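# Analysis of the macromolecular model
Each chain, letter by letter, is given below.
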Amino acid sequence: MSSLSRELVFLILQFLEEEKFKESVHRLEKESGFFFNMKYFEEKVQAGEWDEVEKYLSGFTKVDDNRYSMKTFFEIRKQKYLEALDRQDKAKAVEILVSDLKVFSTFNEELYKEITQLLTLNNFRENEQLSKYGDTKTARSIMLLELKKLIEANPLFRDKLAFPTLKSSRLRTLINQSLNWQHQLCKNPRPNPDIKTLFTDHTCSPPNGPLAPTPVNLPVAAVAKPSAYTSLGALSPFAPTTAAAANAGALAGWMTNASASSSVQAAVVTASSIPVPQNQVSVLKRPTTPPSALRMVDYQNPDHEQLMKRLRPAPSVEEVTNPTPRQQAWSLDDLPRTVALTMHQGSMVTSMDFHPSHHTLLLVGSVNGEITLWELGMRERLVSKPFKIWEMSTCSMPFQALMVNDTPISVSRVRWSPDGNFVGIAFSKHLIHLYAYPGSNDLIQRLEIDAHVGGVNDLAFAHPNKQLCIVTCGDDKLIKVWDSMTAQKLFNFEGHDAPVYSICPHHKENIQFIFSTAVDGKIKAWLYDNMGSRVDYDAPGHWCTTMLYSADGSRLFSCGTSKDGESFLVEWNESEGAIKRTYVGFRKKSAGVVSFDTVQNHFLAAGEDSQIKFWDMDNINLLTFTDAEGGLPSLPRVRFTKEGNLLAVTTADNGFKILANAVGLRSLRAVETSSFDPLRTPIVSAAIKAAGSSAVANVGPVSCKVERSSPVRPSPILNGVDPLGRSVEKPRVVDDAIDKTKPWQLAEIVDPGQCRLVTLPDSTDNSSKVIRLLYTNSAVGILALGSNGVQKLWKWPRNEQNPSGKATANVVPQHWQPNSGLLMTNDVTGVNLEEAVPCIALSKNDSYVMSATGGKVSLFNMMTFKVMTTFMSPPPASTFLAFHPQDNNIIAIGMEDSTIHIYNVRVDEVKSKLKGHQKRITGLAFSTSLNILVSSGADTQLCVWSIDTWEKRKLVAIQIPAGKAPTGDTRVQFHSDQIRMLVVHETQLAIYDASKMERIRQWIPQDVLPSPISYAAYSCNSQSVYATFCDGNVGVFDADSLRLRCRIASSVYLSQAILKGNLAVYPLVVAAHPMEANQFAIGLSDGSVKVMEPSESERKWGVNPPVDNGVLNGRATSSSTTSNHTPDQLQR
C-alpha cells in the first residue's frame, strides 16, 4: 500500500474515533495492521475478554512469528488457564490446556507438563512458583506490564504503536478545502450554493435553470477567481473542532526579531482561513472573503446545526471585519462552586494537576516533597511517592553537598503530559523527576535530571519538532528543554537577569514558542532556535507572574503580584504586546503570589482573600466568588479540569477541596454507578478515547458529598456541546440535591422492608457469640470467628441471580465446608473461653487464615481447613493479629501481656518484641504511606512504631470523656489515604492524623445513639463509618465529619420474639464489604451473622445534614447529627 493510502487509513481511523464508531475503529486497526491501539488492548486484557484480545493481536502477529510473539500469546493463554483453575472450572481449564497451550509443548515440553500438573492441586498457589499469585485483577495488571514490554520490543510492532500527530477532524478539513476549490471552478458561482451530496463534484446550477449546460472543469490556473467568497473551513458543517488557521501574525507582533526565523516568516505569509496547497500558491496569491457561506441543506438537521454552532472555531483575521455579537451561552450554574469532596493530604499542597482525559484523577504535590495520585471518584489515594533521590551519583556536586546537610525538598510543580502518559515533577532544589503512568495505580520511574542550580520553579511539556519534551526554568535564570526519552538537553535559553518564575509553552499553527516570566517582572518569548529572546516586556506588578492561554489558544492572560502585595489579572493583546484589559476585584494586599487558572474560553478563577473569585473573560468586573464553605488559606491554589466541571482548591489544613458544577457532580457519581473494576479500564488519552468508565481497584461505589440544602441545576453543556439548545433546556436537579426549603431529616430505618437484609444460614448459635468477622478480600465470602474458637465460612454462588459471585444481600450464601467435613477450630486446650480474646487475620490472596482463641495461633488452609502450623504457645496469649502489608511472612502479634511480637512465620522466629503499653493489645494497623505500625491497647493508649527499626516513636492517650473510666478495648483502622486513622472505644469514635497523632474529630454517644459502642469500621472507600452499639442500633456516619447520616434499629434484623425475650441480642462486630461501599455485615451475640444493604431505591445509607452556621435548615444541631468537636476543631 502506498504511503498516501496508508495515511488515508489513519485519517479514516481519526474520523471513526471522533464519530464514536468504536467497533469499526478497532476492526480497521486490526485489518490494516497500521496501528496497534495499546489502550484498547489493555482494556480488553483487564476485562478478561480473551477471545477479543487474541483476535485483535492476530491482526499484527501470529504465535510463531518470533520469540516475542510466542511469549506474548503464551502469557495470555496461561493467565486464562490460571483464572479457570481459580474459579474451580476444571473442565474449562482442560479445554484451554488442550486447545490453547498444547502448541507450546513442542517448544518447551517440561513447562507444559508442569502446567498440566496444576490440575491436580486444589489450589494452584500450592505450587511454589505461583504462591504469590494474588487476585485475578492484580494478576492481570502484572501480566499486562510484561505484555507491554514484549510488544514494545517486538520488531513487528515497530512504528505501529504511535498514532500520527494530526489536527482534529483532518479528513473533514480536506473535504472542506476540496469543496472550496470545486466552488471556485464553477462557471456561475452562486453566493449561497446548495451542496446536497459528496458523491459527485459540486457545481452551481446556472441562474436560468437546470437545463443550462453543465460547466466544464477547467485547469485551476485558467479559472478567474470570484471577487469574494467565504472560507468554508470556518462556517461549514464540516468545520474542524479547533481553528484551522491561527493568527500567526499576532505572534509576529510580539516577536520583533521573528525575521530571524524562516519558519516564522513562512507561517505568517501562508496563514489564512483557507489552507492553500503548495503547488497552487502562485495561482491564489491571497485569500479573499465572500459574502456568505456554503450550505449543506440536506446534510444537516437542526440538532446537527446546533452542534456545529458550538464547534465552530474562533473567527480568523479576515472574518473580524464583520463581527457577530457574542451570544451568552453560559450561566453561573456552569461554574464549579458546590463542595463535592474535602480531602486530607497530610502536608501543605503546593501544586495540583488533573489528568487531561480522566478527570477524576488528580496529581498533587506537597511541601514535604511527596507526590500523590488521587482517584477523586473513590476518594482513594492510588499512589504516594515520598521524595527520594533515585541515583545520587549522577547528581551534581552542589546538589550532593545540599543533601548532606538534609536540606528540605518540596514540590514546585506537578504536571501531566498532554496525552496523560507521563507525569513531570519539579522540586525546590535542582531536580526534576519524570514518571510513566501506565494507566493503573502505579507510577514508574523514567528520568531523574539535575536540571537547575538552585530551585526548579516551573515545569511544562511541549512538542517542538513533534517530539515530547520537558521545559523547565529555575533560580539560575535559565530555561531548558529536555528530551523526554533520553534526558538530553536540547535547548538552553539565556537572557533573563533574575530567577525565572514561570513558563508557558504554546504554539500557533507551526510556530512553537515559550513565554517566560522572571521575578523582576520581565516577560520574554523564545523560539526553539537558540537565537535569543524575541520579546522583552514588563508584567504589571513587576514581580512574580504566571501566563496562561484560554482553552482554544486564542487569548493570553497573566496573573501576578507585586512585592507590595498588589495583584493583577490581565488579558494581553498579542498583536501589539500590550495589555488589552485589566480585571478588577482583588481586595487585599497579599503576602504571597495569587494563583489563577482559565477554564474553556469563558471564565477566569483566582484564589485570594480565602476565596475563589471568578471573572467572565469579556468583563473586567468580578462575576462571583465562593469561600468553598470555609477553611481556605489566604491565597488558595486553584486548578480546573480540562472541561471545567471540577475545580481543585487547597485548604488551610493541609488538604484540598473539589468544587463541582452539576456535570462535575455527575462525573463523580459515575464512578459510583460504574460496574467496571477500578483501574482495570485503562485511562484514555485525549486523542483516542476508549469506551468505559473508570473506578478504583477493590473499592466500591462512591457516594459523592452533595449538600442537600443547595439545589444544583446541571448545565446542559457537556464537553462544550449543547445537545438541545438553551431555549428548550429546563432546569433540572441533581439526584442528590433537594429543595432548600425541605428540612433535612436523619434517615432512620426501623423496618426490614426499608433495606435489604440476609441472614447467613446455620449461623445462629446461642452458645457462641460472633467475636470477629471478616469479608474475604475477593468479596466472595464471609468468615466469622466465634467465642468457642470455631470459624465458619460462607460463600456466595455465581449464578443468574448473582452473576458476579460477590457477597450480596440479594442472595443467600452457602455455609461452606470441605468434603472432609473438617471444622476450622482453634487450639483451646486449657483455655477459659469466657476470658479468652479471639483474634483473626486473613492473607491477601484468601489462601490462609491465621487465628487464635486464647491458645496457640493456628494457620489454616482456606481450601481444606487443615491446620498448616501452630505457633506462639501461651502464656502470654495472642490477642490481635495483623499481616505485614508488604510481606505475608511477617506478622505483628499483640499479646495479653501488653507486648507486640514481630514474628517471621517462615523461620518460626520472633524478630522483635515491642514494649510500650500497660495492658493487653486490642488493635494493630499498618500505614505503608507513613511507614508505621500503630497499636492500641486496653489501657486506652495509642503507640506508634517505625516499621523499619521497630522503635517506638510516640505514645498518645485517647481523650476519654469526663466521668468515664480509661479502660476497655481500643481499636484502630487506617483510612484509605493511609494518613487518617479511625480510633474506636466504647465511649467514642475519633479521627486522628497519624502523621502527627493529633485528634481531628470526635463523636460521643448520646441522643438517638446513647449506648456504648461495641465496634466500628470504615467502609471500603473510607467515606463512611459503620458503628454498632450495645443496645442493638447500627449507626452510619460520614467519615470526614463524623456526622450521623443513618440509624438502623435492631427491629430491622431481629424478630419480634427475640426483641420481646429476656436475652439481649446485639451486634458485637461489624465488617465492611471490600468492594461495595454501602454493604456491611454484623456479627451478633446470639451467633448469627447478617448482611445489610440499602434498598434498591435509596442506594445509600442516608445523606449528610447541611450545615449553615451551626444550624440544620433552621433548627439547632443535635449532638447526634454532628460530630462533638472540641472548640478548636469545629468544621469550617
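All of the points below concern the structure found in this document.

Cut-off values and rules
- In every chain, residue numbers begin from 1 and rise along the written sequence.
- Given that the model is predicted, a residue must reach a pLDDT of at least 70 before its local features are reported, and side-chain atom pairs must reach 80 or more before they are shown or counted; all residues, however, enter totals for whole chains, interfaces and linings.
- Note: side-chain values were computed over all heavy atoms of the structure, leaving out hydrogens and water.
- By the criteria applied, helices consist of DSSP H or I runs no shorter than four residues and strands consist of E runs no shorter than two, each listed in order from the N terminus.
- The buried label goes to any residue with under 20% of its type's maximum accessible area, the exposed label to any with over 50%, and the partly exposed label to all in between, with areas taken from a 1.4 Å probe on protein chains only.
- For this analysis, residues touch if any pair of their heavy atoms sits within 4.5 Å.
- Using a 1.4 Å probe, the Shrake-Rupley method yields the accessible areas, and only the shown protein chains count as cover for residues.
- A pair of strands counts as paired when DSSP detects no fewer than two bridges linking them.
- All axes here are fitted lines through C-alpha atoms, helices being fitted over the stretch that makes contact, and every angle between N-to-C directions spans 0 to 180 degrees.
- Each angle receives one of four descriptions, namely roughly parallel if under 35 degrees, roughly antiparallel if over 145, roughly perpendicular if within 65 to 115, and oblique otherwise.
- Residue classes follow a fixed rule: Ala, Val, Leu, Ile, Met, Phe, Trp, Tyr, Cys and Pro count as nonpolar, while Asp, Glu, Lys and Arg count as charged, and any other residue, Gly among them, counts as polar.
- N or O atoms within 3.5 Å of each other form a polar contact, as long as, within protein, one can give a hydrogen and the other can take it, and as long as residues adjacent in sequence are counted only when both atoms are side-chain atoms.
- Between 30 and 60 degrees the pair is tilted, below 30 it is stacked and above 60 it is edge-to-face, where a pair is any two Phe, Tyr or Trp rings, Trp via its six-membered ring, whose centres lie within 6.5 Å.
- As a reminder, the over-ring test applies to NZ of lysine and CZ of arginine, requiring each to be within 6 Å of the ring centre and within 35 degrees of the ring normal.
- The directions considered for the arc are those from the helix axis to the C-beta atoms.
- Two helices that cross are described as forming a left-handed crossing if the nearer one is turned anticlockwise from the farther one by less than a right angle, and a right-handed crossing if clockwise.
- Salt bridges, as used here, are contacts in which a Lys or Arg side-chain nitrogen is within 4 Å of a carboxyl oxygen on Asp or Glu.

If you tally the helices and strands in the protein chain, you get 16 helices and 60 strands. By the burial criterion, 56% of the 1132 residues in the protein chain qualify as buried. In the protein chain, the proportion of contacts linking residues at least 24 apart, taken out of those at least 6 apart, comes to 56%. Of the accessible surface of the protein chain, which amounts to about 48000 Å², a share of 51% is contributed by carbon and sulfur atoms.

Before going further, it helps to spend a moment on the sheet that holds strand β13 (residues 489-493). An order of β10-β11-β12-β13 is seen for the four strands of this open sheet, with the pairing classed as antiparallel. Only two strands of the sheet have a single partner each, and these edge strands are β10 (456-462) and β13. Along the sheet, successive strands turn relative to each other by an average axial angle of 20 degrees, direction set aside. Examined bridge by bridge, strand β12 (residues 479-483) and β13 share four bridges and lie antiparallel to one another. Within the sheet, the bridge partner assigned to K480 lies in β13 and is N492.

Here we come to the packing of helix α4 (residues 50-58) against helix α5 (residues 67-86). Viewed as axis vectors pointing N to C, α4 and α5 meet at an angle of 175 degrees, and their least axial separation amounts to 11 Å. One way to sum up the angle between α4 and α5 is to call them roughly antiparallel. On α5, the residues that touch W50, D51, V53, E54 and L57 of α4 are T72, F73, I76, R77, Q79, K80 and E83. Split by residue class, the contact of α4 with α5 holds five nonpolar, two polar and five charged.

This part covers the sheet that holds strand β7 (residues 422-427). Spatially, four strands are ordered β6-β7-β8-β9 in an open sheet, and the strand pairing comes out antiparallel. In this open sheet, the two strands that pair with only one neighbour each are β6 (411-416) and β9 (444-450). On average, adjacent strands in this sheet sit at an angle of 15 degrees to one another, irrespective of strand direction. Summarising the sheet, β7 and strand β8 (residues 431-436) pair through five bridges and their orientation is antiparallel. Along β8, the bridge assignment pairs G424 with L434.

Tracing the sequence through the fold places T650 in strand β27 (residues 646-650). Polar side-chain contacts of T650 include one of 2.9 Å to the backbone nitrogen of R637. Not counting the four nearest positions on each side in its chain, T650 is found in contact with V349, M352, L632, P633, P636, R637, G655 and F656.

Glancing now at the environment of Q14. Along the chain, the position of Q14 falls in helix α1 (residues 3-18). On the accessibility criterion, Q14 (10% relative accessible area) is buried. Once the C-alpha coordinates of Q14 and L171 are considered, the two residues, 157 residues apart in sequence, prove to be 8.1 Å apart. Discounting residues that sit within four places of it in the chain, Q14 has contacts with F163, L166, K167, S168, S169, R170 and L171.

Across all of its chains, the model carries 30 aromatic pairs by this definition. Ring geometry for F10 and F163: centres 5.3 Å apart, planes at 85 degrees, overall edge-to-face. Here F163 lies in the loop between α8 (136-153) and α9 (170-184) and F10 lies in helix α1, a separation of 153 residues in the sequence. One aromatic cluster is present, built from ring pairs that chain together F36, Y40, F41, Y56, F60 and F157. The ring centre of F34 lies 5.0 Å from the NZ or CZ of R6, which sits over that ring. For the cation-ring pair, R67 lies above Y68, with the distance from its terminal atom to the ring centre recorded as 4.5 Å.

So, about unusual backbone geometry. P875 follows P874 through a cis peptide bond whose omega is -5 degrees. Examined against the element boundaries, P875 turns out to sit in the loop between β39 (867-871) and β40 (878-884). In the segment running from P875 into P876, the intervening peptide bond is cis, with an omega of -10 degrees. Secondary-structure assignment places P876 in the loop between β39 and β40. Positioned with a positive phi, A628 is a non-glycine residue whose angle comes to about 55 degrees. Despite not being glycine, N931 shows a phi value in the positive range, around 60 degrees. Positionally, N931 belongs in the loop between β44 (921-927) and β45 (932-937).

A separate point is helix α2 (residues 22-32). The complete set of buried residues in α2 reads K22, V25, H26 and E29. Each buried residue of α2 sits inside an arc of 85 degrees when the element is viewed along its axis, so together they form one side. Across α2 from its buried face, at more than 90 degrees, point the exposed residues E23, R27 and E31. The secondary structure elements touched by the buried residues of α2 are α1, α3 (38-47) and α4.

Let's shift gears to the pairing of strand β17 (residues 533-538). Sheet topology places strand β16 (residues 522-527) next to β17; five bridges connect them, and they run antiparallel. From the neighbouring strand, K522 faces β17, where its bridge partner is D538. Between the end of β16 and the start of β17, which pair antiparallel, lie five residues, with N530 showing a positive phi angle near 55 degrees.

Attention now moves to the environment of D977. Tracing the chain through its elements places D977 in the loop between β48 (971-974) and β49 (980-985). It is 8.0 Å that separates the C-alpha atoms of D977 and H344, two residues lying 633 residues apart in sequence. With residues up to four places along the chain from it excluded, the contact list for D977 reads H344, W374, R381 and S929.

It is worth spelling out the environment of N802 at this point. Locating N802 in the fold gives a position in the loop between β33 (790-795) and β34 (814-816). Note on N802: relative accessible area 5%, which makes it buried. Apart from residues no more than four positions distant in its own chain, N802 is found in contact with W796, P797, T808 and V811. There is a polar contact of 3.0 Å between the side chain of N802 and the backbone oxygen of K806.

A separate point is the side chain of D609. Within the secondary structure, D609 is located in the loop between β23 (603-608) and β24 (611-616). Excluding residues within four positions of it along the chain, D609 makes contact with R587, K588 and S634.

The subject of this paragraph is the packing of α5 against helix α6 (residues 90-101). Contact geometry of α5 with α6 gives a least axis separation of 8 Å together with a crossing angle of 165 degrees. Here α6 runs roughly antiparallel to α5, going by the angle between their axes. The handedness of the crossing between α5 and α6 is left-handed. Facing F74, R77, K78, K80, Y81, A84 and L85 of α5, the residues of α6 in contact are K90, K92, A93, I96, L97, D100 and L101. Grouping the amino acids of the contact of α5 with α6 by side-chain chemistry returns eight nonpolar, no polar and six charged.

It is worth spelling out the pattern of salt bridges at this point. Side-chain pairs of opposite charge can arise where the charged atoms are in close proximity. Counted under the stated rule, the structure contains 31 salt bridges. For R379, the salt bridge identified is with D1040, shortest N-O distance 2.9 Å. Linking R379 in the loop between β4 (371-375) and β5 (380-385) with D1040 in the loop between β54 (1034-1038) and β55 (1044-1048), this pair joins segments that are 661 residues apart in sequence. Each member of the pair, R379 as well as D1040, carries the same accessibility label: buried. A salt bridge links K911 to E909; the shortest N-O distance between them is 3.6 Å. Using a relative accessible area of 38% as the deciding quantity, one classes E909 as partly exposed. Counted as one network, the salt bridges with shared partners bring together R379, D977, R980 and D1040.

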